[in-house]
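Report on the structure
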Amino acid sequence: MMPSGKPTDQMNRRGLLLSVAASGLVAACGGGGGGSSGGGGGGSSSSSSSSSSSASSSSSSSSSSLPDPATAPSLKTQFASHFKIGFAVDPWLTSQSPTHDLLLKHASTITAESVMKANPIGVSAGVYDFTQADALIAFAQANGINVRGHALVWHQTSPSWFFDGDRSDMTAYKALVRSRLETYVTDVVTHFKGKVYCWDVVNEVTSDDASATYRNSDWYQIFGSDFIDYAFRAARAADPSVKLFINEYSTEDAAKRGRLMTIVQGMLDRGVPVDGVGHQMHINTGYPSAAQVEAALSDVEAKGLINHVTEMDVSIYNDSGSCYSGTGCLPALTPGTAAFNTAMTTQAQKYRELFNVFTAHTSVQAVTMWGVADNHTWLDNYPVARKNYPLLFDAAGGPKAAFWAIVDPGFTP
Ligand code: G3I
């Protein structure tokens, strides 16, 4: 079993757990460098279903030809008996191609990729800008799509005004900051009451390493873990029916999950109104295994809580730990090359094996991809600027091998 790279905050800054680079992939990369950002993914996915030629497409081709895109089933219909399924998207993308049509055909849930966080919503204490968030809600309501609220409290998007004040009297300072937090959560949850079915109340509050249970964020430095309780209780008071989640990355890593479960159990012991755990699932073609994901879901079930997969993408780069410090990243793969086709195949196999786990667990009530198609993914710029192809649809919106692998058991990636 390949040792995984030791996670550190830098390496996991945005939720990718590392594993040792697959040397085969490195060897196959060869002169990869052609994957300029946005350049490599332009090909259409439609393979010539009638001709004997192999898949013609570059951006989504794999070792086997792909079915006719026109025969692609709707994901929301295909998985309706198991869970809501959908995508992260920001409002300005909902009218663009291929995003618009894919959302209408496939999504029963969407998440705001960025516009429902305290930055940008929280302008200052008691002052909010809901413009972009309301635009996304309007799109969802016009098209009968459910919305996941993401995220009320995240250290990366907590505007500095939350923490303004004189710390010479810490009792008064903590009361002031607590009031700001509770007011923010109350006002935002009230604003979206009846428009979102759940909230990621807190995001990424778990320590990445064994030196601590909690991330040492600004919130934690001021309140210890109390800020988590304040946020959940304020959210529940503002909306008695919305489901409340704690959202985290690398939950498939047993050590980190152990720390998260300690946090969750403490919340349950204190009567904090938590309904479920969000597993971000920012993974890659080489990690994690189905067994690791199964264990993560089972640990949450053992506490009687709901599972959501909240931010799934499968990077085609199985980078070593050094990449997250800026060195040793795998070179970009070029669509149409053998290495790229191999990556598409292994990606499809990874999606299939994990979706088989998701559908086997009735506790999984929603699965959200962190993006719609490969034309827009945060992974094009993380951990380095390098074109990635982590999603189910190629840049033109064509179903990739990964899509067919989760909807057709007879399809061979
Ligand atoms: O919309 C503004 C634009 O008006 C402005 O000109 C521009 C330059 O400042 O910024 C734009 O906002 C950016 C926003 O994405 C929309 O593109 C923010 O700067 C940028 O920080 C934001 O990044 C998002 C990030 O969360 C922070 O909200 C990423 O797209 C999004 O993929 C990422 O998602 C996170 C999850 O919420 C939590 N898990 C990890 C995941 C990846 O980091």
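These numbers were taken from a predicted model, which means no experiment stands behind them. (Residues numbered from 1 in each chain as written. Predicted model: local features only at pLDDT ≥ 70, side-chain atom pairs only at ≥ 80, totals over all residues. Heavy atoms only, no water.)

1. Describing the nonpolar core
Test applied: Grouping buried Ala, Val, Leu, Ile, Met, Phe, Trp, Tyr and Cys residues that are joined through side-chain atoms within 4.5 Å yields what is termed a nonpolar core. Only protein chains enter the accessibility calculation, which uses a 1.4 Å probe; a residue whose area is less than 20% of its type maximum is buried, one above 50% is exposed, and one in between is partly exposed. In this description a helix means any DSSP run of H or I spanning at least four residues, a strand means any run of E spanning at least two, and both kinds are numbered starting from the N terminus. Should any heavy atoms of two residues lie within 4.5 Å, those residues are considered in contact.
Formed by 99 residues in total, the largest nonpolar core has its most connected members in Trp199, Ile246, Met312, Phe355 and Phe358. The element contributing the most residues to this core is helix 8 (residues 226-238), with 8 residues. Setting aside residues up to four positions removed in sequence, phenylalanine 355 forms contacts with Phe79, Phe83, Ile85, Met312, Val367, Met369 and Ile406. Within the second largest apolar cluster, 10 residues are counted, among which are Ile316, Tyr317, Leu330 and Met344.

2. Overview of the state of the cysteines
Stated precisely, the cut-off is as follows: The disulfide criterion used throughout: a pair of cysteine sulfur atoms within 2.5 Å.
In this structure the tally under the stated criterion is 1 disulfide. A disulfide bridge connects cysteine 323 with cysteine 329, and the sulfur atoms are separated by 2.0 Å. Disulfide cysteine 323-cysteine 329: the torsion about the S-S bond is 100 degrees, which places it as right-handed. Taking the relative accessible area as the measure of exposure, cysteine 323 reaches 1% and is therefore buried. For cysteine 329, a relative accessible area of 22% corresponds to the partly exposed category.

3. With respect to helix 9 (residues 254-269)
Condition: Helix span, expected: 1.5 Å multiplied by one less than the number of residues in the helix.
Under the 1.5 Å per step criterion, the end-to-end length of helix 9 is 22 Å for 16 residues, consistent within 8% with the ideal 22 Å. Buried within helix 9 we find Lys256, Arg257, Arg259, Leu260, Met261, Ile263, Val264, Gly266 and Met267. For helix 9, the secondary structure elements touched by its buried residues are helix 8, strand 7 (243-248), strand 8 (276-279) and helix 10 (290-301). In the segment just after helix 9, glycine 271 is the residue with positive phi, at about 75 degrees.

4. Quick notes on the packing of aromatic side chains
Selection rule: When the centres of two rings from Phe, Tyr and Trp lie within 6.5 Å, Trp using its six-membered ring, the rings pair. Their planes under 30 degrees apart give stacked, over 60 give edge-to-face, and anything left gives tilted. Note on geometry: a ring has a charge over it if NZ (lysine) or CZ (arginine) is within 6 Å of the ring centre and within 35 degrees of the ring normal.
Summed over all chains, the structure comprises 23 aromatic pairs. Look at phenylalanine 130 and phenylalanine 192: their rings are 5.5 Å apart centre to centre, the planes differ by 85 degrees, and that puts the pair in the edge-to-face class. You can see phenylalanine 130 sitting in the loop between strand 4 (127-128) and helix 5 (131-142) and its partner phenylalanine 192 sitting in the loop between helix 6 (170-191) and strand 6 (198-203), a full 62 residues away along the chain. Overall, the relative accessible area of 13% leaves phenylalanine 130 in the buried class. A centroid spacing of 5.9 Å and a plane angle of 65 degrees characterise the contact between phenylalanine 192 and tryptophan 199, whose relative ring orientation is edge-to-face. Exposure class is identical for phenylalanine 192 and tryptophan 199. Each is buried. Positioned above the aromatic ring of tyrosine 230, the side-chain terminus of arginine 178 is 3.8 Å from the ring centre. Against the face of tyrosine 249 rests lysine 256, its NZ or CZ located 3.3 Å from the ring centre.

5. Notes on the confidence of the model for the protein chain
Keep in mind that low pLDDT regions are not for reading the predicted coordinates in detail. Note the threshold: For every residue, the predictor assigns a confidence score, pLDDT, that lies between 0 and 100.
Looking at the protein chain, pLDDT values average 88 and 85% of them are 70 or higher. Counted against residues more than four places away or in other chains, residues 1-15, with its pLDDT under 50, gives 43 contacts.

6. Side note on the pattern of salt bridges
Let me state the cut-off plainly: By definition, a salt bridge exists where a carboxyl oxygen of Asp or Glu is found within 4 Å of a side-chain nitrogen of Lys or Arg.
Enumeration over the complete set of coordinates arrives at 12 salt bridges. Two residues, arginine 178 and glutamate 182, come together in a salt bridge whose shortest N-O distance is 2.9 Å. Of this pair, arginine 178 and glutamate 182 both sit in helix 6, 4 residues apart, which is roughly one turn of that helix. For glutamate 182, a relative accessible area of 25% corresponds to the partly exposed category.

7. Some remarks on the side chain of glutamate 204
To be explicit about the condition: For the purposes of these results, a polar contact is taken to be a pair of N or O atoms within 3.5 Å, where, inside protein, one atom must be able to donate a hydrogen and its partner to accept one; residues adjacent in sequence count only when each atom of the pair is a side-chain atom.
Position of glutamate 204 relative to the elements: it lies in the loop between strand 6 and helix 7 (218-223). A distance of 3.0 Å separates a polar atom in the side chain of glutamate 204 from a polar atom in the side chain of tryptophan 154.

8. Details of the side chain of asparagine 247
With respect to the element layout, asparagine 247 can be found in strand 7. Polar side-chain contacts of asparagine 247 include one of 3.0 Å to the side chain of glutamate 311. What asparagine 247 contacts, discounting residues up to four positions off in sequence, is His150, Asp200, Val202, Asn203, Glu204, Gly278, His279, Gln280, Thr310 and Glu311.

9. Things to note about the environment of alanine 332
The residue alanine 332 is located in the loop between strand 10 (306-315) and helix 11 (338-360) in this model. Alanine 332 sits 16 residues away from isoleucine 316 along the chain, and the two C-alpha atoms are 9.3 Å apart.

10. A closer look at the environment of glutamine 78
Relative to the elements of secondary structure, glutamine 78 occurs in helix 2 (residues 75-78). Overall, glutamine 78 belongs to the partly exposed group, its relative accessible area being 32%. On a C-alpha basis, the gap between glutamine 78 and valine 407 in space is 7.1 Å, while along the polypeptide they are 329 residues apart. At a separation of 2.8 Å, a polar atom in the side chain of glutamine 78 contacts the main-chain carbonyl oxygen of valine 407.

11. A word on unusual backbone geometry
Here serine 97 and proline 98 are connected by a cis peptide whose omega angle stands at 5 degrees. Here proline 98 is to be found in the loop between strand 1 (84-89) and helix 3 (99-106). Following tyrosine 287, the chain continues to proline 288 via a peptide bond in cis, the omega torsion being 0 degrees. Within the element layout of this structure, proline 288 appears in the loop between strand 9 (282-284) and helix 10.

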